[in-house]
Structures are given as structure tokens and as C-alpha cells.
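Results of the structural survey
Below, each chain spelled out in residue letters.
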Protein chains: 2
Amino acid sequence: MALNTQPYKGARDFYPEDLRLRKYIFSVWREVVQKFGYEEYDAPVMEPIEIYKAKTGQEIVSEQTYSFTDRGGREVALRPEMTPTVSRMVAAKRQELAYPLRLFNIGARWRYERPQKGRYREFYQLDVDLFGLESINAEVEMIQIADTILKRFGAKPSDYGIRVNSRKLLNEKIASAGPKAEVNEIISLIDHYDKLSTGEFQAKLAGLVETPETLMSFLEAGEPNGEVSKIIDASQKLGIEVGFAPSLARGFDYYTDVVFEMFDTDPSNNRAMFGGGRYDGLVGLFGVQAIPTIGFAMGDAMIAEFLKGHKLVPKLVSETDLYVALTGEIDVDKLVNELRQNLNVAVDYSGRKLDKQIKAADKKGIKWLLVIGENELESGQFKLKNLASGEEKLTSLEQIGSIIKSDNDGTANQ
Amino acid sequence: MALNTQPYKGARDFYPEDLRLRKYIFSVWREVVQKFGYEEYDAPVMEPIEIYKAKTGQEIVSEQTYSFTDRGGREVALRPEMTPTVSRMVAAKRQELAYPLRLFNIGARWRYERPQKGRYREFYQLDVDLFGLESINAEVEMIQIADTILKRFGAKPSDYGIRVNSRKLLNEKIASAGPKAEVNEIISLIDHYDKLSTGEFQAKLAGLVETPETLMSFLEAGEPNGEVSKIIDASQKLGIEVGFAPSLARGFDYYTDVVFEMFDTDPSNNRAMFGGGRYDGLVGLFGVQAIPTIGFAMGDAMIAEFLKGHKLVPKLVSETDLYVALTGEIDVDKLVNELRQNLNVAVDYSGRKLDKQIKAADKKGIKWLLVIGENELESGQFKLKNLASGEEKLTSLEQIGSIIKSDNDGTANQ
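Heads up: these notes are all about the structure in this document.

1. Let's talk about the sheet that holds strand β7 (residues 160–166) of chain B
Residue and element names in this part refer to chain B.
- Pairing is mixed in the open sheet, where eight strands are placed in the order β1-β5-β6-β11-β10-β9-β7-β8. With partners counted over all chains shown, the strands left at the sheet margins are β1 (39–40) and β8 (243–244), one partner each.
- Where strand β5 (residues 101–110) meets strand β6 (residues 122–131), ten bridges bridge the pair, whose relative direction is antiparallel. Of the residues in β6, the one forming a bridge with Arg102 is Leu130.

Here is the structure:
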């Protein structure tokens, strides 16, 4: 029986034309976070399941991890998120690392969820983390980076919103409402505040706290504390509008203080695109002194939806500059190697008729075509064709690199 | 109990200073294969275990795969290699794709092997594949790419060797020696020719073929067939020395014709670094017409060992251009954003003494330091320090970008 050609359910094959968008997204992420002095790290995709049991949250660990036992009896999971991993790495070199420590990673994460638009079981994320700063400079830097990324993608301030809250403030309000359950359980309900009807929410809340009405009035129209107000003011001075959202909780158990998220203002996609917050305690779980820490993560599929929705996807073309079509059996390898000094060059050795070779170049999205045969080799004059415009010109071999390069400089591709 | 800070056994944490070498290796790989018109693709890390059972080889599938059953009952494996995946992808779009089709991927693979120098359970590979060319242009292009990569890393031709053989030729010799076992089993023994003593090898061979001496004489001193000779000649014309190796088999079951490998000539590391070959039948296993195909794969750890052994690792520095140290509580965010137009800039908001801030910059491997305090803001003159040379100069803010950029242009970093 023939093998199945489909990719794993909820995961994606990226053919070159698909990968171009992902590479564009990654390149913008990398460019912006590096502007802020962040350095890239990487880590194994497998981690002991324990590091997620500690603080990631019940739903992800018990229902969504890809976990299994390896051939040596180790219980491992494919990372559903990066925060526990980067905390482990920082803990392992707690004393040697220099703070403030700015780290980022771009890579795959896995969660067994129901696949839907913008959500995959295998997805890619940018994780940005800042270790060792207690002051709100850290919060403001995070918000500024997220904002700069969206602007660098071409978004206008009206295309997205930023909202902020404080877990500390939420915890205080929960404490004064007389909790009858674990705080994490109450936070987890608040995290669903926007998804439930007011009636449903209130009914559930009544089971978890003594005086639900005091907590409700905060969630509906509470005021920020001093720290959050300072963050909103400092962002404003940098030209970034940030709103206070008293019902914003974010899902992870490890958040300890300020949390924030970015959302799409397009009514057809009005949901949180990504977010983050302070998680000052996580590094300390690895047996070393805790470090003030803040971070956020941004997924590739969410951003791709945002770019498509706001018509911000640039025209992305092949990395191959030039396609060489051959007429007749001739040896062009040395000559083509000269062109490769400046250009990315694919040679069509198929021996097919010229029109088939040109069609292949066109299908691949390669813009420039060069035809080489005995005549061209003799005369030293080559026909260079722009497949996008249809224009042709005769040129010497030495000119080809600069003609194509100066044309490339005018395009936006990454 | 505290959580363990160690990475998964046989896998690696890449702190920024570790990742720089891997990124350098990836950037050279990408640069060279793109010169030859190859385009990048990617795919899920999980595949149905069946696609490896078909042709990857018994040892990898039954002893080395990371395989498990997902929450939906699917039997999957973390890919131990990329060839079955790329074959699946090409089969899925057999009719739409334009040939010759040149594809590459750089990513992680997983094999449960005993970790040792240059071998990890999680490792990274470049896979380069060319679909749709029957002629030896394909073989020569593969060899040329591998050779160009090694040279681009700074290797001299004497640092490495290239050898080639033909599975077709081996199969003929096996046929004429009267096989008593599956051809794959005999190939698998030949793959261990260099690792076994002559006595051991001959004893095992005697159990597998009727006339082991005819096969032995070929393995010891056989002659290439016409196709292999042509490949050796064509490579020579491009200035690449390729030797014939009658005992070269390569491990995978799917190779159908020419196989080749690169080895380190350093006596302390005298082993195959990487290799590849023709596997014309693999795409056809997915229920579509077969395509002539050739490819090779190159691992990151092997290359890193080679670069270290031949002293070819370049000096790799931080991506962060400038570290801003602050004296006093001042708001520099707008000013720093100006610098970020041209530079990657990290700000030390810690409020520590200046010498501690400078030490942090130094520890991070950042070359340039800028000190900003009230005085500097008033005078408009800033102290810019080169932490590598110790030189300091007073400069205006506008000059800083060009001073650092012109200095960067002189360094080799990727």
C-alpha cells in the first residue's frame, strides 16, 4: 500500500513559497529584538515533564502535552512553551551570567489542541525574556518591543491595541473577596472572563469567593495601581497607547505581577494575539536564588493572520536570482560558477525544449532568465530576460551580476 | 525538591555564545546552497513511523527512533532523518512542482544513540536534495556543493577527501558472488567494512554469499564503472579531486546508485563526515510515479569538530553593537531609540555602579560602551569606549552609528 503524503495532523508542510512568509516573520522578529540588545539561544525540544507540572498550568500539562517515555525510561514532553526551558538554562548558570540578561528564541512548540484557524499543534514562537530587572523599565521595554515589531510589519496604531493588568492587584482583590478555592483556580476563571456570559461567569465566581460582587466591580471598572499607571505613562511618553484591563489575567500559573497582551482591533479577529508578563519566581524553582523576570511570546500563525487581515504581507520572491536555460549539450559549469560570485543561480540541465525550461523558471518564481547555447558562448553576448516584465536585453557575462543586483536593491524581500 | 537544570541527555543547551557557532555554520550552509539555486522548505518534526519502516534501515527504525503514540492514537516518530519527509512532500505535489527541483532544509533530527564526541541524540542537519535529473550533472552538482561548503568554511583541499561508489555496481558484484541473504543485509555488512578487521569481515561475508573471494577482490581493489568514472572526470575539470572507493556503501536502504562521502584527513578524526547518494525510488513509495533523486546531509556537530580540528572557527562576537551604561536616574529611551535606527543597543537600567555595568558589557562580549549621565545629556558630548582595545573617544550622538558601523565592516562575523 502506498504511504500517505499528508503532514501530521495540525502541523504544516512549508514548501519554499510557504516558508517565505514564515522566514519574513522570523526576520522581522529577529531584527527588532536584536535592536533592543536581545541575544538568541536555543535548547532541546524535549524536557522532563516535571518542569511543566511545576507552573505551566493544569490544562496544558494534563491535556495538551506531547509526552512519552524515551528508550531510557525518561518521562519527557515536547516543549509546549519556552518559559520553563529558558528559566532552567538561566538557573544552570545563575552565577556566571551577566544581568540584565536579554534572551530570545524563535522555534517550534507543540500542544495537542483542536486545530483551527491560526492555531496548530506544531507552531512557531518568538520568546523574549529579560532577567534581572525589577524596575518598570523592564515592562516598558517589553511593551516597546512588541509595539515596534507590529509597526515594523507595517501595522498602524489603530490596527492593534495593548492592554495591561497586574496579577498582584488581582490577588489583592481576590484576597479581599474571601477566596474559597485556590487562587490559581480563581485566576483561571478570570482568564475566561471575556469568553463566558456575565451570568455564567458570576455563577462560577460565586462558588469560588465569599463576596463575588466586590471582585465583579473591580473586573468591570477597577482602577490601576501605581505601578501599572507608571507603565501606562512611560509608554505614552514613547508614543505608545496602553490601556488598563482589570479582567486581564493571562493563562500561565507562573505570572507574579504585571501582565499584558496585544489584540487585533479588526472586529473579525478581535482576540488576544499574544502577551506576556512578570514571572519572578520561576528560575528559583531550579534550586537557585530567584531573579526578577519578564517575558512575552508571539506565535507565527497569529501574526500571519494579522498580516493577511490588514493586508500587510509583502510580495515575497524566490531567493534564486537567475535561472540558466541551456540550448544544446554544453558544459557551462565554470561559467556559471563565475556568476555565482554575486548571484544565486540554478541551472536547468534537463535538456528539454527552451519553452519548457522557461516555464519551470516562471513556476518557481525566479525573476531572471539567461539562455546559453553554442552561439552565446561564441559571441560572448547573452540574452537576459526579465520574466516579470518580459523585457530582454543582450549583455556580456560580466554585466549580468550588476544588472540583477541593482534591480534586487529596489525590492522589499527579506 | 528543586527541578534539575540539566538539558535532556544527549541534547544541548545553546547559550548565546554557543549558538553563535551554530548560526555561523547554518549561515555558510544557507549561503552556499542558495548560490546553487536551492530553496528552503520545512516540515513537521513528527511523521508516521511507517515512512521510516519503508526504507530508512532496520537499525534506525527499531533501535534509534523516538517513537510514541499521540493522544489521538497515531503512531509517530520524531524524524531521525529528513529524506522520507522531503520525498513525501514532493510526492504530495508531484504534478504541480517544477523540475529540476532543488530543495534544502536546515533543522533538528533525533536518534536514540549512545552520545559521544560529535554525536548527539538531538542534532542539526543540512539536507540538500535535487529531484528530476537523471544525468550525472546531478552527482557533480552535489559534490560541488559539498566541496564549496567546506572551502567556504576555509578548508584547504588537503583537509578533506571525497570518495564515490555506485550501489548499482555493488549490487552487480553481489549478484555475481551468489547472495545467500537479502541484498540489504550484505550492503549493511559492507557498510561496516572499515570498522571490522579483515578476518571478521571475511567470516561474516562467507555466511552471506557463495563466493566471498570474488566480492572481496572488488572491495579491496575494484575499478569504477563508466558512470562513476565520468563523475570523477567532471569533478576534476572543476578542480575537485574525487576518489573511487569500492567498499563505500552508506547506511540507508533507499540508495539506488551513486553514493559519495566526505571525510576528514586529520588522522585523529579520520572518519566520514557526511555523505549522500541517489535514491530514485523513494518518492514512488507514496503512490506516485518515481522521480530520479539525489541528495546529501551534513551534521552540525561533525562540521564543528572539523572546524575546531583544523582551526577554522572564526572569532564570533555578540550581535549587540553597543551597551549603554547609565550614571544616575535618567530617561534615555527616546535618545536610545535614535541610536537603534542603525545599531543594536542594550541599555543597563540596573542602577549599579559604573564599573559593574562595564563588567556586564564585557562579560556579554559586547564591543562598544556608551556612558550617559546628566553631564553628557547637557553637553551633547558622549564617551564612547571600545572595550576590546580600551580606546575612548568623545563624540556627538550622531557620530556613534557611523563609527561603530565602519568598525563592524572590518570584522568577519556573520
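Following the structure, the description resumes.
2. With respect to the interface of chain A and chain B
- Tallying the contact residues gives 67 residues for chain A and 67 residues for chain B.
- Considering only residue class, the side of chain A that touches chain B consists of 36 nonpolar, eleven polar and 20 charged.

3. Comments concerning helix α13 (residues 354–363) of chain B
Residue and element names in this part refer to chain B.
- Among all positions in α13, only Gln357, Ala360 and Ala361 are buried. Considered in projection along α13, the buried side chains sweep an arc of 100 degrees and stay on one side of the axis. Away from its buried face by more than 90 degrees, α13 exposes Asp355 and Lys363.
- Residues of α13 that are buried in the fold lie against β12 (322–327), β13 (345–348) and β14 (368–373).
- Trailing α13 by a residue or two, Gly365 shows a phi angle of about 75 degrees, which is positive.

4. Examining the relation of the copies chain A and chain B
- When chain A is fitted to chain B, the best match, at an RMSD of 0.1 Å, comes from turning it 180 degrees and sliding it 0.0 Å along the axis. Overall, the copies show the geometry of a two-fold rotation axis. Within chain A, A:Phe68 has its C-alpha nearest the rotation axis, a separation of 3.2 Å.

5. Brief notes about unusual backbone geometry
- The amide bond that connects A:Tyr99 to the next residue, A:Pro100, takes the cis arrangement and shows omega of -5 degrees.
- For A:Pro100, the position within the fold is in the loop between α4 (83–92) and β5 (101–110).
- The backbone of B:Arg250 shows a phi angle near 65 degrees, a positive value even though the residue is not glycine.
- Turning to its location among the elements, B:Arg250 is positioned in the loop between β8 and β9 (258–264).
- By the C-beta count within 10 Å, which is 19 here, B:Arg250 ends up partly exposed.
- Even without being a glycine, B:Lys311 presents a positive backbone phi close to 55 degrees.
- With respect to the secondary-structure elements, B:Lys311 resides in the loop between α11 (300–309) and β12.
- B:Lys311 gets classed as exposed once you count the C-beta atoms within 10 Å, which come to 7.

6. Some words on helix α9 (residues 212–221) of chain B
Residues and elements named next belong to chain B.
- Listed as buried for α9 are Leu215, Met216 and Leu219. Each buried residue of α9 sits inside an arc of 105 degrees when the element is viewed along its axis, so together they form one side. Opposite the packed face of α9, turned more than 90 degrees from it, sit the exposed residues Glu213 and Ala221.
- Residues of α9 that are buried make contact with α6 (167–176), α7 (183–190) and α8 (198–206).

7. As for the packing of helix α1 (residues 16–35) of chain B against helix α5 (residues 137–152) of chain B
All names here are of chain B.
- The geometry of α1 relative to α5 is characterised by a closest axis approach of 10 Å and an angle of 135 degrees between their N-to-C directions. When the interaxial angle is binned, α1 and α5 end up oblique. Here the hand of the crossing between α1 and α5 comes out right-handed. Here Val28, Trp29, Val32 and Val33 of α1 lie close against α5, whose contacting residues are Ile145, Thr148, Ile149 and Arg152.

Cut-off values and rules
Residues numbered from 1 in each chain as written. Chains lettered and ligands numbered in written order. Predicted model: local features only at pLDDT ≥ 70, side-chain atom pairs only at ≥ 80, totals over all residues. Pairing = 2+ DSSP bridges. Helix = DSSP H or I, 4+ residues; strand = E, 2+ residues; numbered from the N terminus. Contact = placed C-beta atoms within 7 Å. Nonpolar A, V, L, I, M, F, W, Y, C, P; charged D, E, K, R; others polar. Buried ≥ 20, exposed ≤ 12 C-beta atoms within 10 Å, placed from the backbone. Arc of directions from axis to C-beta. Least-squares fit on C-alpha atoms with pLDDT ≥ 70 in both. Axes fitted to C-alpha atoms, helices over the stretch in contact; angles between N-to-C directions. Parallel < 35°, antiparallel > 145°, perpendicular 65-115°, else oblique. Left-handed = near helix turned anticlockwise from the far one by under 90°.

Geometric values such as these leave the question of function open.
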